[in-house]
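# Observations on the three-dimensional arrangement
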Amino acid sequence: MLPFILKRVFQSLLVLIITGAIAFSMFTFVGDPIDNMLGQERTMEDVERLRAQLGLDQPIPVQYVKFLGEAVQGNFGVSYRQGREVSEIIKERAPATLELAALSAVFAIVVGIALGVFTAIRRDGFVANFIMSSSLIGVSLPTFLIGILLIYLFSVELGWLPSFGRGEVVRVGWWSTGFLTETGLKALILPSITLGLYQMTLIMRLVRSEMLEVLRQDYIRFARARGLSERVINFRHALKNTMVPVITVIGLQLGAIIAFAIITETVFQWPGLGLLFINAIQFVDIPVMAAYLMMISVMFVVINLLVDILYAFIDPRLRVSAK
Amino acid sequence: MTDRPIVAPEVVPSRMRRALDSDLFYAFKRSPVAIVSAVVAAILILSAVFAPLIAPTNPFDPSSLNLMNGFTPPMAPNAFTGDTFLLGTDDQGRDVFSTILYGMRISLFVGFAAVLFAVVLGIFLGLLAGYFGGWADSFIMRAADVQLTFPSILVAMLIFGIAKGITPVENRDQMAIWVLILAIGLSDWVQFARVVRGATLVEKGKDYVSAARLIGRRPYAIMLRHILPNILSPVLVIATISLALAIIAEATLSFLGVGAPATQPSLGTLIRVGQGFLFSGEWWILFFPACTLLALALSVNMLGDWLRDALNPRLK
């Protein structure tokens, strides 16, 4: 077990060092930060002073080590565009994305599992078939079109839900939440459905195929022969045994939800990290791009690592083959 | 006269004949889904290729535009000029039908070029990794693993951002299409490399490779002339599905404003522009490009799915 975990941890560190190098080279080789920070009217003294202040006059390996040290402390310097500390901006934007991602994940998991079980139990029913075939269309629709479609239906035509922004937010310490006001909750509905829809269909199809597999097994027939109610058979016996692969997929998709939030946040002008990142790319705001890259790689690496370790705990065969 | 029997000359079937007799074409004829998708994809691709001949106006030629024609609904005469447009016009009086045709050109060009780039890079690195093994293999495959940690759209965005930063400000709009191809292509090579590497490992052990090595063919000749032709069918399948994904990726990036610029709008850019008129009731500026994108991506995707099933001997 330990060699397996150590190997995985080592691989994760490698990924982080590589993404760190990419983030660092963005600073060093993409554009001149001095050009970006000082306007047209500048003197040579200004340039020299800023260069020394930012540590750009030192050799590149020294800069890289300093960069990693700063990055570990969450310090990515000052945004070229907004002129504020990147860590400050991220702290301000993170709650919006995290609340959106959390709600989408809940939506994807709850609805996905429920529909998956339903379509598996009623595998030949009309409604189940309808859900299955429309899920195919859902998978092939690009996320941004789903968002636009929902905005058109529920904001333009019906006028029920807002089409952009977070609504009113309440500040709890440094965290700003949309869960406590009516407009905030309403604003969350469309974006979280848009963001969670793909993962929902994924979980649904997975639960369905796993359920169908399990329902064919002998112990289910035996349970039926024992006269257990359908409810107990389906939920206590069958669903429980489909959960291993489902948990893995859910784990891996959590990272994807945060990454794909970029698209949803742009469609709904949601003031989160994704929108921040897109604007940073449009304006070549390197510190923000680098910070987002590092943050998201740490997240992906940690999630992958946890899922791998969890998998090894659940499936003993992996532990043996890793040795 | 000798009584030598007359030998009928051996008939060599033409390439076309062989293609029509193949299992693949037989399977194609029997699959309505495949035929419909192929027809839809062919119509869309051809109309994009021949856009200058089909389109009623050239949307990039300012002299053909009339601002008075702005916001004309589809199939209805304009209130000021009396001109009628099949799919209406946008805010600047550009014919939506023409912008879609020209936009599809850019979407398809970026899609094809990006997949081609990914295929060439993936085949090259996959062959190297599979054939030589050793440190080349570990290096290439570790790089692939690192990249697979992230969703490809995120990788493409990042590459786009970096490349945009490197290109000088005045060239950014002209370079955007090439940067887009680079970004989508680089975000997509991993799966080709993995498949090619796996297939190469299998082929490497076969007799014909040993024979080729024995007669002294050089490694690159063996890889390209002997192994490559034998491993192309899985590459073809992935390439078709990748094309659909690349078209969607391009549309997504352009929609997000990190892709094709407004001076060279792709379908994604058109949708981005159209979204702004959703609330004011000019639905056609958004609706038709979105439908075209869907039809394009769906037909190519279904063709790819069918091809995968048709070429998979296990499913027969």
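Definitions and limits used
- Residues numbered from 1 in each chain as written.
- Chains lettered and ligands numbered in written order.
- Predicted model: local features only at pLDDT ≥ 70, side-chain atom pairs only at ≥ 80, totals over all residues.
- Heavy atoms only, no water.
- Helix = DSSP H or I, 4+ residues; strand = E, 2+ residues; numbered from the N terminus.
- Buried < 20%, exposed > 50% of the residue type's maximum accessible area, 1.4 Å probe, protein only.
- Areas by Shrake-Rupley, 256 points an atom, 1.4 Å probe, with all protein chains shown as cover.
- Contact = heavy atoms within 4.5 Å.
- Buried area = accessible area lost by both parts, 1.4 Å probe.
- Salt bridge = Lys/Arg side-chain N within 4 Å of Asp/Glu carboxyl O.
- Polar contact = N/O pair within 3.5 Å; in protein donor to acceptor, adjacent residues only side chain to side chain.
- Nonpolar A, V, L, I, M, F, W, Y, C, P; charged D, E, K, R; others polar.
- Core = buried A, V, L, I, M, F, W, Y, C linked by side-chain atoms within 4.5 Å.
- Patch = residues over 30% accessible without salt bridge, like charges linked within 9 Å, V, L, I, M, F, W, Y side chains within 5 Å.
- Expected span 1.5 Å × (residues − 1).
- Axes fitted to C-alpha atoms, helices over the stretch in contact; angles between N-to-C directions.
- Left-handed = near helix turned anticlockwise from the far one by under 90°.
- Phe/Tyr/Trp six-rings, centres within 6.5 Å; stacked < 30°, edge-to-face > 60°.

Here we take up the overall build of chain B. Looking only at helices and strands, one finds 14 helices and zero strands in chain B. Ordered by position from the N terminus, the helices and strands of chain B form the series α-α-α-α-α-α-α-α-α-α-α-α-α-α. Within the span of chain B, comprising 316 residues, buried residues form 48% of the whole. Total accessible area on chain B stands at roughly 16,300 Å², and carbon and sulfur atoms take up 67% of it.

The next thing to look at is the interface of chain A and chain B. Tallying the contact residues gives 38 residues for chain A and 33 residues for chain B. The junction of chain A with chain B conceals about 3,100 Å² of combined surface from both sides, 85% of it contributed by carbon and sulfur atoms. Across the chain A-chain B interface, the total number found is zero salt bridges. Summed over the shared surface of chain A and chain B, the result is one residue pair in polar contact (both at pLDDT 80 or more). Of all the secondary structure elements, the ones that give two or more residues to the side of chain A that touches chain B are α1 (2-29), α7 (143-157), α10 (230-267), α11 (273-282) and α12 (286-314) of chain A. Sorting elements by how many residues they give to the side of chain A that touches chain B places α12(A) first, with eight residues. Of the residues contributing to the side of chain A that touches chain B, the split by class is 29 nonpolar, nine polar and no charged.

Of all hydrophobic cores here, the largest spans 140 residues; its most connected members are F144(A), I148(A), F277(A), M157(B) and I271(B). Ranked by residue count, the leading element in this core is helix α5 (residues 96-132) of chain B, at 19 residues. Setting aside residues no more than four positions away along its own chain, M157(B) makes contact with I262(A), F277(A), I278(A), I281(A), L253(B) and L256(B). Within the second largest apolar cluster, 19 residues are counted, among which are A223(A), A238(A), L239(A) and M243(A).

This paragraph deals with unusual backbone geometry. One non-glycine residue, Q269(A), lies in positive phi territory at about 45°. Relative to the assigned elements, Q269(A) resides in the loop between α10 and α11.

Opposite charge on two side chains permits them to pair, given that their charged atoms come into close proximity. Throughout the structure, instances matching the rule amount to eight salt bridges over all chains. Between R216(A) and E213(A) there is a salt bridge, and its shortest N-O distance comes to 4.0 Å. Among the charged side chains, a network of salt bridges with common partners joins R142(B), D145(B) and R194(B).

Residue and element names in this part refer to chain B. Along the chain, S187 turns up in the loop between α8 (172-186) and α9 (189-204). A distance of 2.8 Å separates a polar atom in the side chain of S187 from the backbone oxygen of I184. If we skip the residues at most four places from it in the chain, S187 touches Q147, S152, V155, A156 and I159.

Moving on to a nonpolar patch on the surface. Residues and elements named next belong to chain B. On the surface, L46, V49, F50, L53 and I54 cluster together into a nonpolar patch covering about 490 Å² of accessible area. For the nonpolar patch, the elements supplying multiple residues, two or more each, are α3 (32-49) and α4 (51-54). Tracing the chain through its elements places L46 in helix α3.

Our next topic: α5(B). Helical geometry: 3.6 residues make up each α-helical turn, so side chains three or four residues apart lie on a common side. Along its 37 residues, α5(B) runs 53 Å from first to last C-alpha, staying within 8% of the 54 Å computed at 1.5 Å per residue. With 27 of 37 residues buried, α5(B) lies mostly within the body of the structure.

The next point concerns the packing of α7(A) against helix α14 (residues 284-311) of chain B. At their nearest, the axes of α7(A) and α14(B) sit 12 Å apart, and the two run at 145° to each other. You can see that α7(A) and α14(B) cross each other, and the crossing is left-handed. Of α14(B), the residues touching α7(A) (which contributes F144(A), L145(A) and I148(A)) are L286(B), A290(B), L293(B) and L294(B). Here the contact of α7(A) with α14(B) is composed, by residue class, of seven nonpolar, no polar and no charged.

The next subject is the packing of aromatic side chains. All chains considered together, the criterion is met by eight aromatic pairs over all chains. Judged by centre distance (5.7 Å) and plane angle (70°), the rings of F300(A) and F150(B) are edge-to-face. One end of the pair, F300(A), is in helix α12; the other, F150(B), is in the loop between α6 (134-148) and α7 (152-166), on a second chain. Residues F300(A) and F150(B) agree in their burial class; the two are buried. Feature note: the residues Y131(B), F132(B) and Y220(B) constitute an aromatic cluster, connected by ring pairs.

Now for α6(B). The end-to-end C-alpha separation of α6(B) is 21 Å, in line with the 21 Å expected for 15 residues at 1.5 Å each. Packing partners of the buried residues in α6(B) comprise α1 of chain A together with α5, α7, α8 and α9 of chain B.

This part is about the environment of I262(A). Tracing the chain through its elements places I262(A) in helix α10. Classification of I262(A) as buried rests on a relative accessible area of 0%. Separated by 14 residues in sequence, I262(A) and L276(A) place their C-alpha atoms 8.6 Å apart. Ignoring anything within four residues of it in the chain, the contact list for I262(A) reads G274(A), F277(A), I278(A), Y292(A), L154(B), M157(B) and L256(B).

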